[in-house]
Amino acid sequence: MSLTDLLDEAGLTGRGGAMFPTSVKLRAAFDNRAELIVNACDGEVGTHKDALVVAEHLRELEHGAGLVARKVHWAAHRGSDTEDRLLEAGLRVLSVPARYVASEESALVSLLHGGLARPVMRHEPIARGGRDSQGHRLRPTLVLNAETVWRISQIAQYGPGRFRGFGTPDEPGPRLVTIGGSVERPGVYDTAAGVPMRELLTAAGAFEVGAVGIGGLSGGWLSAGDAWSVAWSNAALAPHGLRTGTGAIHVLERSACPLQYVTRLARFAAGESAGQCGPCMFGVPAVATQVAQLADGALAYDEFALLQQRLRLLPGRGACRYPDGIAGFISSALRTFRADVEAHLAGACVAMKERAGAAR
Amino acid sequence: MRRARREAEVAEVIVDRVACTAHGVCAVMSDGAVELDEFGYPIQSRLTLPPEEARVLVEACPARALLFRRPT
Ligand code: SF4
Ligand code: SF4
């Protein structure tokens, strides 16, 4: 059986967040003799699994990469431990600026071919090649997340049946998640789709759970009640407008003001736009400023309507899906923390009040 | 009666978001088909237009940010 057939049977999807069937990407790559970039950047906020895969499973990773392409490049953030490890192993390293969008698929391809580490406007799959914004030709290049490549190696070694022994029929295979925030034991956990969130939270020793962020900056939020009752899978998270994504799970403590936390991330996001596409370059900072005003209790009701309109206009209007992710993240926060939003619009912070109450 | 060979009846035009510099010419030229956001960038990401109108728009964009896309 060919590798792509094996992966089809296993039902492997990309572990970098997009969940696209790996076999489909691979077929296009084989047809075009694409080079491979193994993305070990852990680009998503709160995700550290690629680092773990490189640190503990490098041999299997190399095996998987070798099955996919003759020429392999290993992408890691500049100055990271992961980069050091890859260099020590004598691998061909693509040193990526430590910026959020720099590790986006087309940004890596652009960087590899001598361009900037910025996303490229794509009109067809990048595995067939393309052109960057300066019109330079990009050789056909396949980008796979490090965990995905590790899974390819496992499937080739142990077969699709063993792989399908984990997870659900629709979302098969083992998965890595990174749990952080208000937990006693932060770190990367080995799990699979369908696991109760309760189990993950308990394993990591979550305490004072006020809400749970799923999928980092391109994900969104679960209320504490939902977080304890829902399963961790795309099917179970979909009604909440969420996806498992890169497997980032962030526990927000009950005493923290969620809007302050969202503001920190929104401000970070505003600085991370690659500054290429107008709607993103201007839209994300405008939204971040308004979120900060909201958290300060300084946003009027009519300004809140403008914030929501801006959020509606962000998705689908950039070369990459960064603005889509940010808009989804903030919109999800406004829904999940509705009570806090109402209180802040009325000029008061619920969390602050509760804390003041508890201190009394 | 149908002609045996004819031009495609609609053309699709997409906005290259990296190239677009908010000149806004497209909004003026398109008779309302393109609306601009508060920062001056087109709200629509793709337009389906009669081929002749599409050609005029594509040529009018000073940033060459409007691209033809064959309808699929
Ligand atoms: S959408 Fe934003 S982050 Fe993505 S390429 Fe454009 S400016 Fe950069
Ligand atoms: S005319 Fe071209 S550059 Fe100007 S707003 Fe329209 S698409 Fe953008």
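Okay, so let's go over this structure. (Residues numbered from 1 in each chain as written. Chains lettered and ligands numbered in written order. Predicted model: local features only at pLDDT ≥ 70, side-chain atom pairs only at ≥ 80, totals over all residues. Heavy atoms only, no water.)

Further remarks concern the sheet that holds strand β2 (residues 46–49) of chain B. Residue and element names in this part refer to chain B. Within the open sheet, the 3 strands sit side by side as β2-β1-β3. Their pairing is antiparallel. Edge positions in the sheet fall to β2 and β3 (66–69), since each of these pairs with one other strand and no more. Sheet twist, expressed as the average angle between the axes of neighbouring strands with direction ignored, equals 30°. Relative to the sheet, helix α2 (residues 51–60) contacts β1 (11–15), β2 and β3, its axis offset from that of β3 by approximately 150°. (Pairing = 2+ DSSP bridges. Helix = DSSP H or I, 4+ residues; strand = E, 2+ residues; numbered from the N terminus. Axes fitted to C-alpha atoms, helices over the stretch in contact; angles between N-to-C directions. Contact = heavy atoms within 4.5 Å.)

For the rest of this paragraph, the subject is helix α3 (residues 49–68) of chain A. With 20 residues, α3 of chain A ought to run about 28 Å at 1.5 Å a step, yet its terminal C-alpha atoms sit only 21 Å apart, falling short of that. Residue histidine 57 of chain A marks the point of greatest curvature in α3 of chain A, where the axis turns by about 100°. (Expected span 1.5 Å × (residues − 1). Bend = angle between axes of the 7 residues up to and from the residue.)

Residue and element names in this part refer to chain A. Applying the stated criterion to the full structure yields 16 salt bridges over all chains. Among the ionic pairs, arginine 139 bridges to glutamate 35, the shortest N-O distance being 2.7 Å. Of the two residues, arginine 139 sits in the loop between β5 (137–138) and β6 (141–145) while glutamate 35 sits in strand β1 (residues 35–39), which places them 104 residues apart along the sequence. In this structure, glutamate 184 engages arginine 185 in a salt bridge whose closest nitrogen and oxygen atoms are separated by 3.6 Å. On the accessibility criterion, arginine 185 (39% relative accessible area) is partly exposed. Shared partners join several salt bridges into a network, and the residues in it are Arg15, Lys49, Asp50, Glu147 and Arg151. (Salt bridge = Lys/Arg side-chain N within 4 Å of Asp/Glu carboxyl O. Buried < 20%, exposed > 50% of the residue type's maximum accessible area, 1.4 Å probe, protein only.)

Residues and elements named next belong to chain A. Only one face of strand β3 (residues 93–96) is covered, namely the face carrying Leu94 and Val96; the face carrying Val93 and Ser95 is uncovered. Pairing of strand β2 (residues 72–77) with β3, which is carried by 4 bridges, proceeds in the parallel orientation. Along β3, the bridge assignment pairs alanine 76 with serine 95. For the crossover that starts at β2, traverses helix α4 (residues 81–88) and ends in the parallel β3, the hand is right-handed. (Right-handed = clockwise from strand over helix to strand, strands pointing away.)

Let's shift gears to unusual backbone geometry. At aspartate 42 of chain A, a position not held by glycine, the phi torsion is positive, near 50°. Position of aspartate 42 of chain A relative to the elements: it lies in the loop between β1 and α3. The class of aspartate 42 of chain A is buried, set by a relative accessible area of 13%. A positive phi angle is found at alanine 22 of chain B, which is not glycine, with a value near 60°. Summarising the element assignment, alanine 22 of chain B is placed in the loop between β1 and α1 (25–29).

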